[in-house]
Amino acid sequence: MMVLTKKMIEIRSILQKVGQSSSLTLPSIVVIGSQSSGKSSVLEAIVGHEFLPKGSNMVTRRPIELTLVNTPESKEEYGEFPDLGLRRITDFSSIQRTLTELNLAVSDADCVSDDPIHLTVYSPNVPDLSLIDLPGYIQVVGQDQPLELKQKISELCDKYIQPPNVILAISAADVDLANSTALRASRRVDPRGERTIGVVTKMDLVDPTRGAAILNDKQYPLRLGYVGVVSKAPQSPGLFKMGPTNLLSAIAKHENSFFSSHALEFGPDAGVNVGTTTLRRKLMHVLEQTMSSSLQSTSDAIKQELEEATYEFKVQYNDRPLSAESYLAESLDAFKHSFKQFAEEFGRPQMRELLKNELDQKVLDLMAARYWNKPIADLSVVQLEPDQIADLPKADPSSLYWHRQLDASASALTKLGVGRLATTVVSTSLQSHVDMLLNSSNFATHPFARKAITEAASTILNERFYSTSDQVENCIKPFKFEIDVEEREWAQGRQHVGDVLKKELRDCEAALVHLESTVGGRRKLKEVMSFVDKSRKGDIVVEGDGRSGAGGFSAALLGKGMHIFVRVPPRSHRYANNELGREAVFLRDRADIIKMRLMAVKSRQCASIKNKYYCPEIFLDAAASRLASTAVLFLNVELLSEFYYNFPRELDLRLGRHLSQEEVEQFAKEDPKIRRHLEVIRRKELLELVLEKMESLKQLEGRDRDRVVGE
Ligand code: GDP
């Protein structure tokens, strides 16, 4: 029983998964021959199907590693291209088409490629064999073929005809054997003729006496001998394409009748080997023997590979077990844990602070628009003279104008869309916290998981957005009509707005310093500013075409037109926008106003809510605090708690059991470090499996040998 080849073929397919390593290749039968020597016909006669590419234009351009698997218990015959994921192709003409396409994909310019095509054929009619078909040797290079083609084919074949492979050297009977390229190549690598089988095709084309003489060749004696075949079935007019048994039996019948009609030359007593059936048997036997004798060296090579993999696993990965699933599960757990920690730290007070900061900015904007929008001298809320600070402020608190100003500002604050603003601020912050957590998690190196997690967060936040925003807007509705500020809130507001103004002042000053360095020094900036001042008063008319301006300054440096008093976004880069002079004047004026307002806020008059019309900043700050506190109550229920509850569940959904095995593998391998770790483990496991199989094979072999000896 030839079980060894079958088992070894199984082992080989496992080894192919381990990765190509020349020391791990098991012996195959390599088929070489000149073009038209009948190489394809011989292979097809062995398989019993027409399946090889046909045509005059060099149709075999890549090695075809053909594995034949005998399946005695099944009637079905089919082929598979494991590399392409093509399974169970029962139509052999479709296999032929695929092979043709794969071969012709090699460009005419390259003509040959050493990248092998793997094809496995399962059938009850084939023996267990592993064969490699190579491009046929050519005598003359065709017109549109590269000159070095002959050389390239020969080198490709040389690569494959090395030990422990068996060489099937095909020569046609109607060509002098001395001229056989296949035999010459084989003789170079196997001079003693120990692992070459000579196949002489087209025996029907020569005189039987001469045919028999060829098979007895003494020029290049082969231990495994020569086999003469007639592998071309006669054309049968009724059949378009012959079925497997048809082709097999047709060839067998044809050969039989040919060889038996020349019994003297080819009969049992003639001492020559003929016929495809004989050839098949010989191939099986020889491969089995070769496999058997390479068992030890192959298992040694596997042991060595295994030792290397074990060493790498120990040294590089500390023997730490890992699987794609466990890696994903651990990463997800760690991420959820860090999220939980964040959730414990980010609650109502943090949301309130975020929202209040945002509202502080809005208050500053409102102040700038309603109160600070006049040159200092016109500001009647507070008339500031350097030595009159104690008299602050001077505006008439009973003036209806200031009442309306404050009411309008408060109304603008409450109606600016607090619901939307609050929801946006908190959502954005949550999303960016998730991003931060991601960055410091395992997922940082996994685009696939990153995307899934970011989307999980945004999906929940988007879903909650409108209802949260409506709820918040609803709950602050009463403030749109009236805001009552208590003394305690006033005192807090006074303290707080002082800090806000100080910060704004610092930002203005920093921006000015930045401008100075942009312009090229303080003096230069001052010059530009005084020029702008004069032009503002109407002393100078600034004209320019945008490139050059008055007073020797460029128009870009001066800026054109007067600045509208809007709040400066801190650390903004707007100063680069060619309006330096104007910008500087704006900043200087603004800093002056803020200084003045700071003094006003600190003044005795602003100590009590009674003087709220003097101190609109404090009133609006206190109002903003009210809005923030109220909004946060609803944000907490509608958005934050929902998010904290749903987010981990959404993560489980997107990265948990739903993922297929392939997706999990794909995820884990996105990280090159994890990929290598997983690969070394897989390699180790496969090699262990192979070694185990090899050991039991060796035992089996040993038993067989003992039995043979015993008999
Ligand atoms: P390859 O180029 O070496 O693969 O050769 P093929 O198998 O394509 O055969 C070349 C030609 O020789 C084809 O026309 C075959 O039909 C023919 N041929 C192959 N084997 C035999 C044979 O044993 N006898 C005869 N008469 N013709 C054959």
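Since the model is a prediction, treat every value here as computed from it, not as a measurement.

(A) Structural detail: the packing of aromatic side chains. By the definition in use, this model includes 19 aromatic pairs. Ring centres of phenylalanine 339 and tyrosine 644 lie 5.8 Å apart, and the angle between their planes is 80°; on these two criteria the pair is classed as edge-to-face. Note that phenylalanine 339 is positioned in helix 10 (residues 324–345) and tyrosine 644 in helix 20 (residues 616–655), a separation of 305 residues in sequence. Of the two residues, phenylalanine 339 and tyrosine 644, neither departs from the other in class, the shared state being buried. These aromatic residues form a ring-pair network of at least three members: Tyr327, Phe335, Phe339, Phe342, Phe346, Phe443, Phe643, Tyr644, Phe647 and Phe667.

(B) Structural context of the confidence of the model for the chain. Here the chain averages 85 in pLDDT, and 87% of its residues register 70 or above. Scored below 50 in pLDDT, residues 542–550 makes 20 contacts in the model with residues more than four places away or belonging to other chains. Counted against residues more than four places away or in other chains, residues 559–578, with its pLDDT under 50, gives 54 contacts. This prediction of the complex comes with two scores: 0.66 for pTM and 0.99 for ipTM.

(C) Seen up close, the state of the cysteines. Tallied over the entire structure, the rule returns one disulfide. Two residues share a disulfide in this structure: cysteine 606 and cysteine 615, whose sulfurs sit 1.7 Å from each other. Because the sign of the S-S torsion sets the handedness, a value of about -95° for the bond joining cysteine 606 and cysteine 615 places this disulfide among the left-handed ones. Accessibility assignment for this pair places cysteine 606 and cysteine 615 in one class, buried.

(D) Quick look at the site of the ligand. With respect to spatial proximity, 14 residues lie near the ligand, and among them Ser36, Gly38, Lys39, Ser40 and Ser41 are the closest. Lysine 39 places a polar main-chain atom, nitrogen or oxygen, 2.9 Å from an oxygen atom of the ligand. In the model, a nitrogen atom of the ligand is placed 3.0 Å from a nitrogen or oxygen of the aspartate 204 side chain. Computed on the free molecule, the ligand has an accessible area of 570 Å², of which 75% lies beneath the protein chains in the complex. Counted by class, the shell around the ligand contains two nonpolar, eight polar and four charged residues.

(E) Structural context of the sheet that holds strand 5 (residues 117–123). Taken in spatial order, the 10 strands make up an open sheet running 4-3-5-2-6-1-7-8-9-10, and their pairing is mixed. Whereas interior strands pair on both sides, the edge strands pair on one side only; in this sheet they are strand 4 (86–89) and strand 10 (273–274). Sheet analysis places strand 8 (residues 196–201) next to strand 9 (residues 226–228), joined by three bridges and oriented parallel. Within strand 9, the residue paired with valine 199 across the bridge is valine 227. Here helix 6 (residues 208–215) sits on the sheet in contact with strand 8, strand 9 and strand 10, set at roughly 155° to strand 9.

(F) Structural context of the packing of helix 10 against helix 20. Close contact between helix 10 and helix 20 brings their axes to 11 Å; oriented N to C, the two are set at 170°. One way to sum up the angle between helix 10 and helix 20 is to call them roughly antiparallel. Contacts between helix 10 and helix 20 involve Leu328, Leu332, Phe335, Lys336, Phe339, Phe342 and Ala343 from the first element and Phe643, Tyr644, Phe647, Pro648, Leu651, Asp652 and Leu655 from the second. The residue inventory of the contact of helix 10 with helix 20, partitioned by class, reads 12 nonpolar, no polar and two charged.

(G) Inspection of the pattern of salt bridges at higher detail. Evaluation of the coordinates by the stated rule reveals 34 salt bridges. Note that glutamate 473 is salt-bridged to lysine 480, the shortest N-O span being 2.8 Å. Of the charged contacts, one joins aspartate 589 and arginine 588 as a salt bridge, the two residues approaching to 3.1 Å between their closest N and O atoms. Judged by its relative accessible area of 24%, arginine 588 falls in the partly exposed class.

(H) Seen up close, the environment of glutamate 663. One can find glutamate 663 in helix 21 (residues 661–669). Residues glutamate 663 and phenylalanine 448 lie 215 residues apart in sequence; the distance between their C-alpha atoms is 9.5 Å.

(I) Region of interest: unusual backbone geometry. Proline 163 connects to proline 164 through a cis peptide bond whose omega is 5°. With respect to the helices, strands and loops of the structure, proline 164 is situated in the loop between helix 4 (149–160) and strand 7 (166–172). Notably, arginine 88 is not glycine yet its phi reads approximately 45°, a positive angle. Examined against the element boundaries, arginine 88 turns out to sit in strand 4. Classification of arginine 88 as partly exposed rests on a relative accessible area of 47%. Positive phi, close to 70°, is recorded for cysteine 111, a residue that is not glycine. In this structure, cysteine 111 sits in the loop between helix 3 (92–104) and strand 5.

Cut-off values and rules
Residues numbered from 1 in each chain as written. Predicted model: local features only at pLDDT ≥ 70, side-chain atom pairs only at ≥ 80, totals over all residues. Heavy atoms only, no water. Phe/Tyr/Trp six-rings, centres within 6.5 Å; stacked < 30°, edge-to-face > 60°. Helix = DSSP H or I, 4+ residues; strand = E, 2+ residues; numbered from the N terminus. Buried < 20%, exposed > 50% of the residue type's maximum accessible area, 1.4 Å probe, protein only. pLDDT = per-residue confidence, 0-100. Contact = heavy atoms within 4.5 Å. Disulfide = S-S within 2.5 Å. Near = heavy atom within 4 Å. Polar contact = N/O pair within 3.5 Å; in protein donor to acceptor, adjacent residues only side chain to side chain. Areas by Shrake-Rupley, 256 points an atom, 1.4 Å probe, with all protein chains shown as cover. Nonpolar A, V, L, I, M, F, W, Y, C, P; charged D, E, K, R; others polar. Pairing = 2+ DSSP bridges. Axes fitted to C-alpha atoms, helices over the stretch in contact; angles between N-to-C directions. Parallel < 35°, antiparallel > 145°, perpendicular 65-115°, else oblique. Salt bridge = Lys/Arg side-chain N within 4 Å of Asp/Glu carboxyl O.

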